[in-house]
Amino acid sequence: MNPHLDRLHPYPFEKLRQLFAGVTPSPDHAHISLGIGEPKHPTPSFIQKALTHSLAGLAVYPTTHGGEPLRTAIAGWLERRYGIPPLDPATMVLPVNGSREALFAIAHCTIDGSVPDALVVCPNPFYQIYEGAAYLSGAEPWFVNSEPARNFGCDYGSVPDEVWQRVQLLYVCSPGNPTGAVLSLDDWRELFALSDRHGFVIAADECYSEIYFGSTPPLGALEAAHQLGRSAGAQPYKNLIVFSSLSKRSNVPGMRSGFVAGDPQLLKTYLLYRTYSGGAMSPIVQAASIAAWGDETHVQENRNLYKEKFSLITPLLRQVMDVELPDAGFYLWADVRRTGLSDTEFAKGLYAAYNVTVLPGSYLARDAHGTNPGRNRIRMALVAGVDEGLEAANRIVQFCKDLKAA
């Protein structure tokens with residue numbers, strides 16, 4: 001067996017299952033889950049129709065590279081969304097079956113296992129795929145803690161130079177999971193300079209880019225690179241590869257449709273790797289994806305639903321815990337120390353008393369540099385409908401009031 005498998009941590013939801021073992025939730029309340037970031041808004045009907053009208057594609061073997069119409073649709077969306085120069089669909093865009101497996105696979109493609117003590121830098125807290133990819137590629141994760149004083153951004157300037165010298169891959173998530181933090185242009189300038197100096201690849205996870213609350217969309221990695229003069233020349237978008245998905249943007253998590261885009265030299269190698277290891281996207285999913293990437297009306301409607309939920313729920317919860325509207329994404333990242341409970345105690349007690357599931361923040365982070373930046377926080381995924389979300393919020397408020405009264 002691969003010895004690196006022994007280094008993998010249980011997934012957060014397995015830890016949650018163990019935390020709730022033996023707990024009988026309140027029978028007076030129907031269960032509401034704010035624990036899993038699975039979009040619950042309805043899938044747009046035009047995407048469903050595009051899928052069902054393309055069933056003839058089941059008779060065709062798909063290619064790993066994906067069809068030219070889909071790559072062109074993705075390139076067009078990137079150009080419109082981020083105001084970047086036209087991308088070559090043949091060399092700078094690659095469809096993938098959801099960003100999760102692609103984020104995992106990029107480490108195996110970029111990590112040189114012959115180099116001892118290779119490092120993969122990850123934000124902390126983080127999407128656990130980054131850590132597992134590091135371990136199973138033979139590298140070690142090195143965590144940079146998010147800081148509340150930096151709006152939950154990471155201080156990459158605090159990473160010692162001797163660490164950067166060993167780094168082969170940097171994962172960034174912007175907007176962040178679970179914090180919602182968005183990297184600024186100055187952040188990207190710093191990361192690109194570090195990448196140029198030390199030669200590591202930047203893997204930018206942008207799955208939450210289309211859920212935001214202000215008038216200005218979150219800055220994207222390709223957009224930042226273009227603004228900083230890195231979109232042209234002999235190696236456009238040097239050492240930068242971006243991952244995104246339709247799951248959150250278009251409420252189609254079951255389609256498993258995403259893409260990778262960026263540095264054409266990296267993508268050439270990544271395509272070769274995926275020819276052996278990656279599943280090709282079904283032609284019927286490709287057809288539905290083309291329809292989804294080509295429409296923005298449903299994306300705006302989806303975003304408006306999240307704006308409504310967050311505008312109603314955040315002030316309610318602010319009465320009983322420290323929580324603010326994030327930059328973007330569909331999570332609330334709340335500090336529960338005012339309740340007198342730890343994050344795990346809070347999650348367990350809330351489940352028992354009011355049958356609402358939230359995820360302890362410490363399950364999404366690791367002890368690093370003397371602290372666990374998720375400790376005493378909970379992640380709440382506001383993915384359900386407005387009414388169900390409000391019901392969950394009111395139960396949480398009542399739970400906190402019960403604690404105070406006791």
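Use the structure listed above.
Residues numbered from 1 in each chain as written. Predicted model: local features only at pLDDT ≥ 70, side-chain atom pairs only at ≥ 80, totals over all residues. Heavy atoms only, no water.

Q: Give a description of the layout of surface pockets that names residues and reports values.
A: Taken as a whole, the largest pocket encloses approximately 560 Å³ of empty space. Elements that contribute at least two residues to the lining of the largest pocket include exactly helix 1 (12-19), helix 4 (99-110) and helix 9 (247-250). Examining the composition of the lining of the largest pocket, we find that 3 residues originate from one element, helix 4, more than from any other. Looking at the lining of the largest pocket residue by residue, the class counts come to 15 nonpolar, 7 polar and 7 charged. Reported here for the second largest pocket is a volume of approximately 200 Å³. Residue lining of the second largest pocket: 15 residues in total, with Phe152, Val323, Glu324, Leu325 and Trp333 positioned closest to the centre. (1 Å grid on protein atoms, 1.4 Å probe; cavity = no way out; pocket = protein on both sides within 12 Å on 5 of 7 lines; lining within 4 Å. Points joined across faces, edges and corners; volume = space filled by probe spheres on them. Helix = DSSP H or I, 4+ residues; strand = E, 2+ residues; numbered from the N terminus. Nonpolar A, V, L, I, M, F, W, Y, C, P; charged D, E, K, R; others polar.)

Q: An account of the packing of helix 2 (residues 45-52) against helix 11 (residues 283-293) is requested, with residue identities and associated values reported.
A: Here helix 2 crosses helix 11 at 150 degrees, and the two axes come no closer than 8 Å. Here helix 11 runs roughly antiparallel to helix 2, going by the angle between their axes. Pair helix 2 / helix 11 crosses with right-handed handedness. Here Phe46, Ile47, Ala50 and Leu51 of helix 2 come into contact with helix 11, specifically with Ile284, Val285, Ala287, Ala288, Ala291 and Ala292. Class assignment of the residues belonging to the contact of helix 2 with helix 11 gives a composition of 10 nonpolar, no polar and no charged. (Axes fitted to C-alpha atoms, helices over the stretch in contact; angles between N-to-C directions. Parallel < 35°, antiparallel > 145°, perpendicular 65-115°, else oblique. Left-handed = near helix turned anticlockwise from the far one by under 90°. Contact = heavy atoms within 4.5 Å.)

Q: Could you give me a rundown of a nonpolar patch on the surface, with the residues and numbers involved?
A: The grouping of Met1, Leu5 and Leu8 at the surface amounts to a nonpolar patch, some 350 Å² of accessible area in total. Assignment of secondary structure puts Leu5 in the segment before helix 1. (Patch = residues over 30% accessible without salt bridge, like charges linked within 9 Å, V, L, I, M, F, W, Y side chains within 5 Å. Areas by Shrake-Rupley, 256 points an atom, 1.4 Å probe, with all protein chains shown as cover. Salt bridge = Lys/Arg side-chain N within 4 Å of Asp/Glu carboxyl O.)

Q: Describe the packing of aromatic side chains, listing the residues and the values that go with them.
A: Where two aromatic rings form a pair, the distance of their centres and the angle of their planes describe that pair. What the rule picks out here adds up to 17 aromatic pairs. With a centroid separation of 5.9 Å and an interplanar angle of 85 degrees, the aromatic rings of Trp77 and Tyr82 are classed as edge-to-face. Side by side, Trp77 and Tyr82 carry an identical accessibility label, which is buried. Relative to Phe259, the ring of Trp77 lies with its centre 6.2 Å away and its plane at 65 degrees, an arrangement referred to as edge-to-face. Taken together, the residues Trp77 in helix 3 (residues 68-82) and Phe259 in strand 9 (residues 258-262) connect sequence positions 182 residues apart. The class of Trp77 is buried, set by a relative accessible area of 2%. Aromatic ring contacts, followed pair by pair, group Trp77, Tyr82, Phe259 and Trp293 into a single cluster. (Phe/Tyr/Trp six-rings, centres within 6.5 Å; stacked < 30°, edge-to-face > 60°. Buried < 20%, exposed > 50% of the residue type's maximum accessible area, 1.4 Å probe, protein only.)

Q: Kindly report on the sheet that holds strand 13 (residues 377-381), identifying the contributing residues and their values.
A: Spatially, 3 strands are ordered 10-13-12 in an open sheet, and the strand pairing comes out antiparallel. Only two strands of the sheet have a single neighbouring strand rather than two, namely strand 10 (331-335) and strand 12 (359-360). Across 2 bridges, strand 12 lies against strand 13 in antiparallel orientation. The partner of Leu359 across the bridge, within strand 13, is Arg379. Strands strand 10 and strand 13 of the sheet are contacted by helix 12 (residues 297-318), whose axis makes an angle of about 10 degrees with strand 10. (Pairing = 2+ DSSP bridges.)

Q: Describe in detail the sheet that holds strand 7 (residues 201-205), supporting the description with residues and values.
A: Sheets are built from strands paired through backbone hydrogen bonds, the pairs being either parallel or antiparallel. Pairing within the open sheet is mixed, and its 8 strands lie in the order 2-9-8-7-6-3-4-5. Both outer strands of the open sheet, strand 2 (93-96) and strand 5 (153-154), are each paired with one neighbouring strand and no more. In this structure, strand 7 lies alongside strand 8 (residues 240-245), joined through 4 bridges in parallel fashion. Bridged to Ala203 within strand 8 is Ile241. Each of strand 2 and strand 9 is contacted by helix 3, which is oriented at about 110 degrees to strand 2, the strand it contacts most.

Q: Tell me about the environment of Tyr208, residues and numbers included.
A: On the secondary structure map, Tyr208 appears in the loop between strand 7 and helix 8 (221-227). Taking the C-alpha atoms as reference points, Tyr208 and Arg303, separated by 95 residues in sequence, lie 11 Å from one another. Setting aside residues up to four positions removed in sequence, Tyr208 forms contacts with Pro175, Asn177, Lys248, Gly329, Phe330 and Tyr331. For Tyr208, the side chain forms a polar contact with the side chain of Tyr331, separated by 2.9 Å. (Polar contact = N/O pair within 3.5 Å; in protein donor to acceptor, adjacent residues only side chain to side chain.)

Q: Could you give an account of the nonpolar core, with specific residues and numbers?
A: Residues Leu78, Tyr156, Val172, Trp188, Leu191, Ile202 and Leu240 are the most contacted members of the largest nonpolar core, which totals 51 residues. Broken down by element, the residue count for this core peaks at 6 residues, all from helix 3. The residues contacting Leu191, other than those within four sequence positions of it, are Tyr156, Leu170, Val172, Leu183, Phe200 and Ile202. With 47 residues, the next largest nonpolar core counts Ile32, Tyr306, Ala334 and Tyr354 among its residues. (Core = buried A, V, L, I, M, F, W, Y, C linked by side-chain atoms within 4.5 Å.)

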